[in-house]
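A structural walkthrough
Read off the chains here:
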Amino acid sequence: MRNATIFTMSLLCFALLSSCSKPAANLVLLNGEVYTMEPSHPWASTVVITGNKITAVLDNAEDADGYIGPNTRVVDLKERFAVPGFIDGHVHFNGAGALINDANLLTVSDDQGLRVEMQRVVNIIDDEEWITGGLWGAYEKWALGAAESGPKRQRRWEPSRWTIDDLTPKNPCLLSSYDGELFLANTAALKAAGLENARLPGMKLDSTRLPTGLIYRGSPALEKIRSVVKRKSHNRLLDENRAALKRLAESGIVEVHDIARPEQTARFVELQENGELTCRVWLRPDLSRGAELKEKGLQMGLHPKTKKPDHWLRYGALKGYVDGIMGTHGALFFKPYDDQPDNYGHYRRHTSDDPELKIGNMDKLYHLIKIGYDAGFVANVHAIGTKGVALLLDTYERLMKELGKNLEGFRVIHAQVVRQEDFPRFKKLNIIAEVNPYHLSDDMRWMEERIGHERCKGAYAFKSLLDNGAILSFGSDWPGTSAAEYLVHPKYLINAAVNRTTLNGTPEGGWFPKQKISVHEALKAYTINNAYAAFEDDIRGSIKAGKLADITVCNLNLMKIDPSDILKMNVDITIVDGKIVFEREK
Ligand SMILES: [Zn+2]
């Protein structure tokens, strides 16, 4: 009797256990080359996903049989490469959508190119909507991502309204050159401002004294046109967001750490409520907002509307700035720029009270970081030049001493040029180096000319950071600055970090090749390290049972291919929270 009871009970337990441990999966990925980023089980073939979680990571496809029910979708990966979904540690989401759906003229420097781009935008947007942006001529001298292209022209290309009028009768246009010196208005825009036949100062006229549409910076004519530019409609802004989300899904990116702007945060909430959010978002508001967010009952990890923890949309760190950028000779150095002997770079408003931003006030930054910390936020602060990075590390050291405990989650954003003596300080202070590898593919064309060979040894020095024990976080800085476009697809960042070349493979052997890092280290910086940087490595960032199911499937096994083939990598499937959000058509 007693034995029989025990037997029955164990049968019952067995039945319960097996039904508990193997509920039918929603999705099973079979026969892959799955690189888990888990050191104890680095490779697997099969991943079982139930609801939004990974429930099993298996070495043989047959082991998944017990999880497959009538409603399980089974995807045969056919030996394709699967990794934890890519997490982009640095984007400007709002601007990215605008660059996709509004005019992108960064690579345009002739009439033909301008017409092609205008036609593309007219096809996307509604009548009466303005076409703005542009930034023509940024790559007149260099092709995008190339070390060199044709020789610089003698005279700058100048478009006129007649170049685009026939394409844009119903869309007023106000386009700008990359340096903001010159603007182009089409006839619809001139009409809207009552300037069609005007001859105001700053307007370029043709031989018959008609306005060509070209208008110079700072002129009254420009002010007049600017005052009539219609704001983008809410729907158009949402469409820009949708275009950016689509690009992220196609790129295998499951989360972005966004440099947040309040109006964009509201759109994220709307997209999430509509069920259209296909990428997790970790919002990084400006460093000056710590007290205000605290007042509203918000802190790191909380959703901007519900104020509850949320793994799709939530506040992250506060973003501050120490110095300018390399592209404009604004990054802060101890010694002046080689090609501008009086220029050491400049501070930013978080680190200066001087209107010229030449005089530093790091106390100001320290207090903003402290207020933010007391409000429940860590700081992620932009620092690019050697002095900018050193001053920021000093500030973090001061904070660590005052708090009397180790820092966690604080970042040096960009960490572009670092002095040799500052490399070990990242580990000592437990500071994350958030780097943007693609910047090097683009910036190497002028880095040595600007700061010389010696300082370049510490530039984009990812290997030195790793060798000194720093935690690397990768971010694209998508979509870029007025002088450069930064691409978002992970292959560009991985290529830059591993090969240190431009998109056309120059220079041979790589730029400062001692700083090349391995594909494994690059993948780590793109996955588990970025989950750690958002305080969520316990629930995301690797392929492990119990973690959220964020997985990217690629056409090529990056761990096996020749590194010179990295740019041939494509994303085939993107899974976020257990759902397929992108699948490449066969
Ligand atoms: Zn940025």
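Look up: the structure comes first, before these words.
Cut-offs used in this document
- Residues numbered from 1 in each chain as written.
- Predicted model: local features only at pLDDT ≥ 70, side-chain atom pairs only at ≥ 80, totals over all residues.
- Heavy atoms only, no water.
- Donors = N, O, S within 2.8 Å, 3.2 Å for Na, K, Ca; no water.
- Helix = DSSP H or I, 4+ residues; strand = E, 2+ residues; numbered from the N terminus.
- Buried < 20%, exposed > 50% of the residue type's maximum accessible area, 1.4 Å probe, protein only.
- Pairing = 2+ DSSP bridges.
- Axes fitted to C-alpha atoms, helices over the stretch in contact; angles between N-to-C directions.

**Focus: the coordination of the zinc ion**
Around a metal, the ideal angle is 109.5 degrees if four donors adopt a tetrahedral arrangement and 90 or 180 degrees if six donors adopt an octahedral arrangement. In the first shell of the zinc ion, the protein supplies His90 (NE2), His92 (NE2) and Asp477 (OD), at 2.1 to 2.2 Å from the metal. For the zinc ion, the single-chain donor residues occur in sequence as H-x1-H-x384-D. Placement of His90 in strand 8 (residues 86–91) and of Asp477 in the loop between strand 22 (471–474) and strand 23 (480–481) is noted, with a sequence separation of 387 residues between them.

**So, unusual backbone geometry**
Glycine aside, residues mostly have negative phi, and peptide bonds are mostly found in the trans state. The residue after Trp478, namely Pro479, is reached through a cis peptide bond having omega 5°. Structurally, the position occupied by Pro479 is in the loop between strand 22 and strand 23. Of the consecutive residues Thr506 and Pro507, the connecting peptide bond is found in the cis state with omega at -10°. When you line up the elements, Pro507 lands in the loop between helix 16 (490–499) and helix 17 (519–526). Of note, Asn31 is a non-glycine position whose phi angle comes to about 55°, a positive value. When its relative accessible area of 30% is taken as the criterion, Asn31 is described as partly exposed. Unusually for a residue other than glycine, Arg209 sits at a positive phi of about 65°. For Arg209, a relative accessible area of 48% puts it in the partly exposed group.

**Points about the environment of Leu99**
Here Leu99 lies in helix 2 (residues 93–101). We classify Leu99 as buried; its relative accessible area is 17%. Counting along the chain gives 305 residues from Leu99 to Gly404, while the straight-line C-alpha distance between them is 45 Å.

**Some remarks on the sheet that holds strand 27 (residues 579–583)**
What the 6 strands build is an open sheet, ordered 3-2-7-25-26-27; its pairing is mixed. Two strands lie at the open edges of the sheet, namely strand 3 (43–44) and strand 27, each paired on one side alone. Here 2 bridges tie strand 2 (residues 33–35) to strand 7 (residues 81–84), and the two strands are oriented parallel to one another. Bridged to Val34 within strand 7 is Ala82.

**Remarks on the sheet that holds strand 1 (residues 27–30)**
The strand order across the open sheet built from 4 strands is 5-4-1-6, with neighbouring strands paired in mixed fashion. With one partner strand each, in any of the chains shown, strand 5 (53–58) and strand 6 (73–76) form the two edges of the open sheet. Going across the sheet, the axis of each strand differs from the next one's by a mean of 15°, ignoring polarity. As defined by bridge partners, strand 1 adjoins strand 6 across 4 bridges and the pair is classed as parallel.

Take it as geometry only, folks, not as evidence of what the structure does.
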